[in-house]
Amino acid sequence: LLGLRAAQGLPAWKIELLKPDMSPAEIQKPIMPKITNVVEKLGAYCLILDWIYQKEYARYARQDNGRWIPHGPASADFTAGGTISETANHILITRLLQAMIDELQAGNWEEAVRRGGALGHFLQEPFTPGHSTDNSLFEQIFPDHNPLRHWRLHCCFDAASGDYPPPKPQLVGTTAGEAAFYLFNDIKKGIRSARAMIGSVIEAAYRGEKLQDNQHVYRSLLCRQSEMSANITACAWHTAFCIAFNRFEREEIERLKTFDLTTAVPYYMHPSKYVHIVADKLVNENGWLIPIDVWGENKVELRFEHGFGLYGHSGYKYFINGQFSQFRFKLGMPSRILDGQNEHTHLCFSIETDPGENGLYSEDIEYAAKARPLELQLRAFEAVKEYTVDIRGAGTLIISSRSIPYTKDDGEVCYATADLAIIDPVLIR
């Protein structure tokens, strides 16, 4: 159903190009849903990872080393479960997308739709929490009030909906590797929004006598997740066609030249009052969202509309896959959050880059990255300034601030940790 909605959103010229095998022997196999046209066949092939035990389709559901293509975001060993690996997912998405591109270029239409189905299935799975969250957490966080039941709650999340219009796909890259960056960022957003639905879906399940009792409720609750998964599939397929046949719209190419970092999901954020990126707001000392008001020259207060906050002893890591050459942003110090702004304030702010995925944890906010193209020593009431940083070759982009301690007269070691604002952050190709 999700693949069908995605295929229905593709521009007509793409569907008209496809000439897969539509013979009765091919499209009437018992494992397949009803297929009467190319759109339905392309959509149906999003089931292909579930056909791994059918000899004809097994190779599409396996990686080159014989392992399953994971039914969810990949960990470091390219399997599902465990800690999600940015590197593994970017590599896997690139491979799956490139396989579809290659078959389209060669005019191997049947192979192209099969490869497209494998890609679609992989992209769609994380949008249900059953495939992107440790399932054992479901009943741990939401224990069943009925002590006589023991349900595998995964089943209530496999409830796809088609109650939305076909998506309008956008180009997400001019190469498979470039597209992988955008696609996985959307997957991470989808994982977050999926997890927000876990409580509601499980509560609906517990109201029934059996898991299947509330399928219509599950589908309704997860409809937006279904819509997002259909959209990402359509975007990936649209991009594959554009790359394969070198058919790009100028506006779409222009849009990809810059990327608003505020819309990116970092793979790591050092624990602080900023639990996740809060777009266009700062968080005050009482945990309330406030506008981005920062100091200008001579302590004049300036307001900015776009950006996010960074606690003064914290770090954010973004996997950017070597796709960008510059990082441009403004750095300000909040004028309405005065905690930590005094004569002892001393922050070491830096932009660091690593060629790979930086996995080092550090309470001292020292990540041992290969390069530090920007380092600033900041004191209280610093005026906002703009910076452009060379980040060529960066797999990981790290934005961090380390608070330097001071010692009081009685020997106590203390910190004056001011907040910072990252304003109008943009990655440039």
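The following refers to the structure shown.

### Thoughts on the packing of helix α9 (residues 176-195) against helix α12 (residues 223-244)
Two elements in contact, α9 and α12, have axes whose closest approach is 10 Å; the angle formed by their N-to-C orientations is 180°. Compared by their axis directions, α9 and α12 come out roughly antiparallel. Along the contact surface, α9 presents A176, A179, L183, D186, I187, G190, S193 and A194, while α12 presents Q225, M228, I232, A236, T239 and I243. A class-by-class count of the residues in the contact of α9 with α12 yields nine nonpolar, four polar and one charged.

### Quick look at unusual backbone geometry
Although it is not a glycine, I365 sits at a positive phi angle of roughly 55°. Relative to the assigned elements, I365 resides in the loop between β10 (347-354) and β11 (371-378). Phi at F381 is positive, roughly 65°, even though this residue is not glycine. Note on placement: F381 falls in the loop between β11 and β12 (385-390). Note on F381: relative accessible area 32%, which makes it partly exposed.

### Considering the packing of helix α5 (residues 86-106) against α12
It is the contact of α5 with α12, at a shortest axis distance of 9 Å, that shows an interaxial angle of 45°. If you check the angle between α5 and α12, you find them oblique. At the point where α5 passes α12, the crossing takes the right-handed sense. Mapping the contact onto sequence places L97, M100, I101, L104 and Q105 in α5 and A236, W237, A240, F241, I243 and A244 in α12. Tallied by class, the residues present in the contact of α5 with α12 amount to ten nonpolar, one polar and no charged.

### Considering the pairing of strand β5 (residues 292-295)
Regular strands show a simple pattern: their side chains alternate between the two faces of the sheet. Of the two faces of β5, the one lined by I292 and V294 and the one lined by D293 and W295 are each fully buried. As defined by bridge partners, β5 adjoins strand β6 (residues 301-304) across four bridges and the pair is classed as antiparallel. Bridging across to β6, I292 finds its partner in F304.

### Quick notes on the nonpolar core
Within the largest apolar cluster, 106 residues are counted, with the highest numbers of intra-cluster contacts made by Y318, F329, F349 and I399. Looking at this core, the element that brings in the most residues is α12, giving eleven residues. The contacts of Y318, once residues within four sequence positions are left out, are L261, A264, V265, P266, Y267, I277, F308, G395, T396, L397 and I399. The next biggest cluster of nonpolar side chains, apart from the first, holds 14 residues, and it includes L153, I202, Y206 and Y218.

### Digging into the sheet that holds strand β2 (residues 268-269)
Reading across the sheet, the five strands line up as β2-β8-β13-β10-β11 and stay open at both edges, with antiparallel pairing between neighbours. Looking at which strands have only one partner, the edges of the open sheet turn out to be β2 and β11. By the bridge criterion, six bridges tie strand β8 (residues 314-319) to strand β13 (residues 396-403) in an arrangement that is antiparallel. Opposite F319, over in β13, you have T396 as the bridge partner.

### Quick notes on the packing of aromatic side chains
One pass over the structure, following the stated rule, counts 19 aromatic pairs. Where Y45 meets Y57, the ring centres are 6.0 Å apart and the plane angle is 85°; that geometry is what we call edge-to-face. Here Y45 is found in the loop between α4 (38-44) and α5, whereas its partner Y57 is found in the loop between α4 and α5, with twelve residues between them in sequence. The exposure classification of Y45 matches that of Y57, with both residues buried. With a centroid separation of 6.0 Å and 70° between ring planes, the pair formed by Y53 and W68 is classed as edge-to-face. Of the two residues, Y53 sits in the loop between α4 and α5 while W68 sits in the loop between α4 and α5, which places them 15 residues apart along the sequence. In this structure Y53 comes out as exposed when scored by relative accessible area, which is 64%. Connected via pairs of aromatic rings, a cluster forms that spans F181, Y182, F259 and F324. Over the face of the ring belonging to F78 we find R95, whose NZ or CZ atom lies 5.6 Å from the ring centre.

Calculation rules
- Residues numbered from 1 in each chain as written.
- Predicted model: local features only at pLDDT ≥ 70, side-chain atom pairs only at ≥ 80, totals over all residues.
- Heavy atoms only, no water.
- Axes fitted to C-alpha atoms, helices over the stretch in contact; angles between N-to-C directions.
- Helix = DSSP H or I, 4+ residues; strand = E, 2+ residues; numbered from the N terminus.
- Parallel < 35°, antiparallel > 145°, perpendicular 65-115°, else oblique.
- Contact = heavy atoms within 4.5 Å.
- Nonpolar A, V, L, I, M, F, W, Y, C, P; charged D, E, K, R; others polar.
- Buried < 20%, exposed > 50% of the residue type's maximum accessible area, 1.4 Å probe, protein only.
- Left-handed = near helix turned anticlockwise from the far one by under 90°.
- Pairing = 2+ DSSP bridges.
- Core = buried A, V, L, I, M, F, W, Y, C linked by side-chain atoms within 4.5 Å.
- Phe/Tyr/Trp six-rings, centres within 6.5 Å; stacked < 30°, edge-to-face > 60°.
- Lys NZ or Arg CZ within 6 Å of the ring centre and 35° of its normal.

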